[in-house]
Amino acid sequence: MEMIKLNQDFVKDSLNVHELESLMDSASEMNQMLEKKTGKGADFLGWVDQPTRMEEKELTQIQDIADRLRQKSDVLVVIGIGGSYLGSKATIEALSPFFAHKKVIYAGINLNEKYLVQLLNYLKNKEFALCMISKSGTTLEPAVAFRQLRELAYRKYGDRAKERILAITNPRKGNLLELSKKEGYHLLSIPDDIGGRYSIFSPAGLLPIAYAGIDIRQLMDGARVMQIHTSSQNKGNLSEQYAALRNALYRQNFAVEILTTYSAQLEYVQRWWQQLFGESEGKENKGIFPAVAQFTTDLHSLGQYIQQGKRNLFETVIFDTYQPGEVTVQKEAEDFDGLNYLAGKSLAEINHKAFEGTLKAHVSGGVPNIVIELPKINEFILGQLFYFFMRSCGISGYLLGVNPFDQPGVEFYKQNMFKLLGRPGY
């Protein structure tokens, strides 16, 4: 069975061995707290055993609704923000051809008027369906977009628009639930005990992924394997190691973590990771700042700082070790660009050497590197990767002493914004 691996060879020299051993013991204790649901945020730990708890009939229901929507439409508009869309987008972008027609597009991810106007114009000549994801139905960005998109759907399809609208929301209460029941929309539930950034293996993540034609069962199989591997019964597992390493570095004033990759299709996996750790750990004046960079592209902008800037950062590198080497540099009669020394080498091989050279340079420059090795990029491996990061984040947050499952700081900007907009009660 192919599994992701964690390579610590390029970080241990930066750590106090005794402190790391102590943190590993603590990480095992924190992992047990996740499983027993005895730590902070215990009401939002439904994701911990979700992969093994989800029944086949739930996956079948999700797949059936996705198939019905796809039969009626060419494009699905997913309306949601943050964790309500990043997990599905990360998976779809990672597993779809770069230049393929987009089957799934997104709305409610910002308040940019031009974006919404152009989206509405784009959909006028498309057969589309809508997937509104919100527990309350009142989150500002998605709610504004849903009003406009829902109106367009009814104008274009009349009463049959309801056959093209799906709501994924709280199963028991909320404005969106009531509207969906009244109008007869398709309905799926986000479990009460799963927060948005931990929801990729719920209908919120799985439905758009299934609509895009990606195998959600393989994704869940990968998550199940990683859930079992990272169980507290398996002391010293990958998630405990990663959480301990991050916190050991943090205690030595490495306060910035840059998640890098040499695979362009993983860009939204990085963005998903950034929200997961930023919103989970950034509390009480604590937390490692999560940054992302695409290599080799960003080596031409950030490489100088990483190599010789302030020594308060470390890197976690996701590297796909399987690259087929389909493009080979040919030899030219005239070596006009000086690249004949590369003749016969594949672009995949060159990319791998760029990774090795950069790793060596950054580590020698005082930047610790944690390397996550992927045997390939497919549904099964991504399922492992997503679950590994979520489990690691819960453990790491507990090691920091914060609640990794709330986000009280997010409310401050909302209160100011609502007051300026004249919302009643603010």
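See the structure shown above.
The shown structure was predicted, so the numbers you read here are calculated from the model rather than taken from an experiment.

Which parts of the structure should I look at to understand the overall build of the chain?
For the chain, the helix and strand inventory stands at 15 helices and 10 strands. Computed over the C-alpha atoms, the radius of gyration of the chain is 23 Å, within 12% of the 22 Å expected from 2.2 N^0.38 for a compact globule of 426 residues. Each principal axis of the C-alpha atoms in the chain carries an extent, and together these give about 65 × 65 × 45 Å. For the chain, restricting intrachain contacts to residue pairs at least 6 apart in sequence, the fraction spanning at least 24 positions comes to 79%. Counting only carbon and sulfur atoms, one obtains 50% of the accessible surface of the chain, whose full area is about 19,700 Å². Both charge centroids of the chain, one from 48 positive and one from 49 negative side chains, sit 7 Å from each other.

For this particular structure, what's the right way to read the sheet that holds strand β4 (residues 128-133)?
Paired through backbone hydrogen bonds, the strands of a sheet run either parallel or antiparallel to each other. Spatial ordering of the open sheet is given by β3-β2-β4-β5-β6, a layout of 5 strands whose pairing is parallel. Two strands lie at the open edges of the sheet, namely β3 (104-107) and β6 (186-189), each paired on one side alone. Neighbouring strand axes in the sheet, compared pairwise and without regard to direction, differ in orientation by 20° on average. Pairing analysis gives 4 bridges linking strand β5 (residues 165-169) to β6, with the strands arranged parallel. Bridge pairing links L166 to H186 in β6.

Please explain the layout of surface pockets as it appears in this structure.
Which parts of space are left empty comes out when a probe the size of a water molecule is rolled across the atoms. Within this model, the largest pocket holds a volume of roughly 1,000 Å³. Looking at the lining of the largest pocket, the elements that each hand over two or more residues are α4 (83-95), α6 (140-157), α11 (267-281) and α15 (410-421). The element contributing the most residues to the lining of the largest pocket is α15, with 6 residues. In terms of lining residues, the second largest pocket is bounded by 20 residues, among which Q265, D320, Q323, P324 and A348 are the most central. Ranked by residue count, the leading element in the lining of the second largest pocket is helix α13 (residues 347-364), at 5 residues. Along the lines of polarity and charge, the residues of the lining of the second largest pocket split into 11 nonpolar, 6 polar and 3 charged.

So what exactly am I meant to see when it comes to the nonpolar core here?
As a rule of thumb, nonpolar side chains are buried together in soluble globular proteins. W47, L207, L385, F388 and F389 are the most contacted members of the largest nonpolar core, which has 90 residues in total. Among the elements that line this core, the one with the most residues is helix α14 (residues 379-400), at 13 residues. Not counting chain neighbours up to four residues away, the residues in contact with L207 comprise I62, I65, A66, L76, C131, L166, I168 and L188.

Hey, could you run me through the pattern of salt bridges in this one?
As enumerated under the stated definition, the model contains 25 salt bridges in all. Where D25 meets K235, a salt bridge forms, and the shortest distance between an N and an O atom there is 3.8 Å. Taken as a pair, D25 in helix α1 (residues 17-36) and K235 in the loop between α9 (216-229) and α10 (238-250) lie far apart in primary sequence, 210 residues in all. On the basis of relative accessible area, K235 is assigned to the exposed category, the value being 58%.

Mind showing me how you'd approach the packing of aromatic side chains here?
For any pair of aromatic rings, the description rests on two quantities: the centre-to-centre distance and the angle between the ring planes. Per the counting criterion, the structure on display carries 20 aromatic pairs. With a centroid separation of 4.9 Å and an interplanar angle of 25°, the aromatic rings of W47 and Y198 are classed as stacked. Taken as a pair, W47 in the loop between α1 and α2 (50-53) and Y198 in the loop between β6 and α8 (203-211) lie far apart in primary sequence, 151 residues in all. Judged by its relative accessible area of 0%, W47 is buried. Accessibility expressed as a relative area gives 2% for Y198, which makes it buried. Seen from their ring centres, Y262 and F319 are 5.9 Å apart, and the 75° between their planes marks the pair as edge-to-face. Here the residue Y262 occupies a position in the loop between β7 (256-261) and α11, and F319 occupies one in strand β9 (residues 313-320), the gap between them amounting to 57 residues. According to the relative accessible area criterion, Y262 is buried, its value standing at 7%. For F319, a relative accessible area of 2% puts it in the buried group. Joined through ring pairs, the aromatic side chains of Y242, W272, W273, F277, F386, F388 and F389 make up one cluster.

I tried to follow the packing of helix α3 (residues 56-72) against α8 on my own but got confused; where do I start?
The packing of two helices is summarised by the inter-axis angle and the distance between the axes. At a minimum axis separation of 8 Å, α3 and α8 run at an interaxial angle of 45°. As summarised for this structure, α3 and α8 are arranged oblique, according to the angle between their axes. Relative to α8, the crossing made by α3 is right-handed. On α8, the residues that touch L59, I62, Q63, I65, A66, L69 and R70 of α3 are P203, L206, L207, A210 and Y211.

Hey, could you run me through the sheet that holds strand β10 (residues 369-374) in this one?
Strand order in this open sheet of 5 strands is β1-β10-β9-β7-β8, and the pairing throughout is mixed. Each end of this open sheet is capped by a strand with a single partner; those strands are β1 (5-7) and β8 (289-294). Across the sheet, the mean angle separating the axes of adjacent strands is 20° when strand polarity is ignored. In the sheet, β9 pairs with β10 via 6 bridges, with the strands oriented parallel. Paired with V317 across the two strands is V371, which belongs to β10.

I would appreciate a short explanation of empty space enclosed by the protein in the present structure.
Per the counting criterion, the structure on display carries 1 cavity of 30 Å³ or more. Within this model, the largest cavity holds a volume of roughly 40 Å³. Forming the walls of the largest cavity are T260, Y262, F295, E315, V317, F355, T358, L359, H362 and N369. Mapped by element, the contributors of at least two residues to the lining of the largest cavity are β9 and α13. Of the residues forming the lining of the largest cavity, the biggest block, 4 residues, is contributed by α13. Its residues assigned to classes, the lining of the largest cavity comprises 5 nonpolar, 4 polar and 1 charged.

Reading the values: rules and limits
- Residues numbered from 1 in each chain as written.
- Predicted model: local features only at pLDDT ≥ 70, side-chain atom pairs only at ≥ 80, totals over all residues.
- Heavy atoms only, no water.
- Helix = DSSP H or I, 4+ residues; strand = E, 2+ residues; numbered from the N terminus.
- Rg over C-alpha atoms; globule rule 2.2 N^0.38 Å.
- Contact = heavy atoms within 4.5 Å.
- Areas by Shrake-Rupley, 256 points an atom, 1.4 Å probe, with all protein chains shown as cover.
- Lys, Arg positive; Asp, Glu negative; His and termini not counted.
- Charge placed at Lys NZ, Arg CZ, Asp CG, Glu CD.
- Pairing = 2+ DSSP bridges.
- Axes fitted to C-alpha atoms, helices over the stretch in contact; angles between N-to-C directions.
- 1 Å grid on protein atoms, 1.4 Å probe; cavity = no way out; pocket = protein on both sides within 12 Å on 5 of 7 lines; lining within 4 Å.
- Points joined across faces, edges and corners; volume = space filled by probe spheres on them.
- Nonpolar A, V, L, I, M, F, W, Y, C, P; charged D, E, K, R; others polar.
- Core = buried A, V, L, I, M, F, W, Y, C linked by side-chain atoms within 4.5 Å.
- Buried < 20%, exposed > 50% of the residue type's maximum accessible area, 1.4 Å probe, protein only.
- Salt bridge = Lys/Arg side-chain N within 4 Å of Asp/Glu carboxyl O.
- Phe/Tyr/Trp six-rings, centres within 6.5 Å; stacked < 30°, edge-to-face > 60°.
- Parallel < 35°, antiparallel > 145°, perpendicular 65-115°, else oblique.
- Left-handed = near helix turned anticlockwise from the far one by under 90°.

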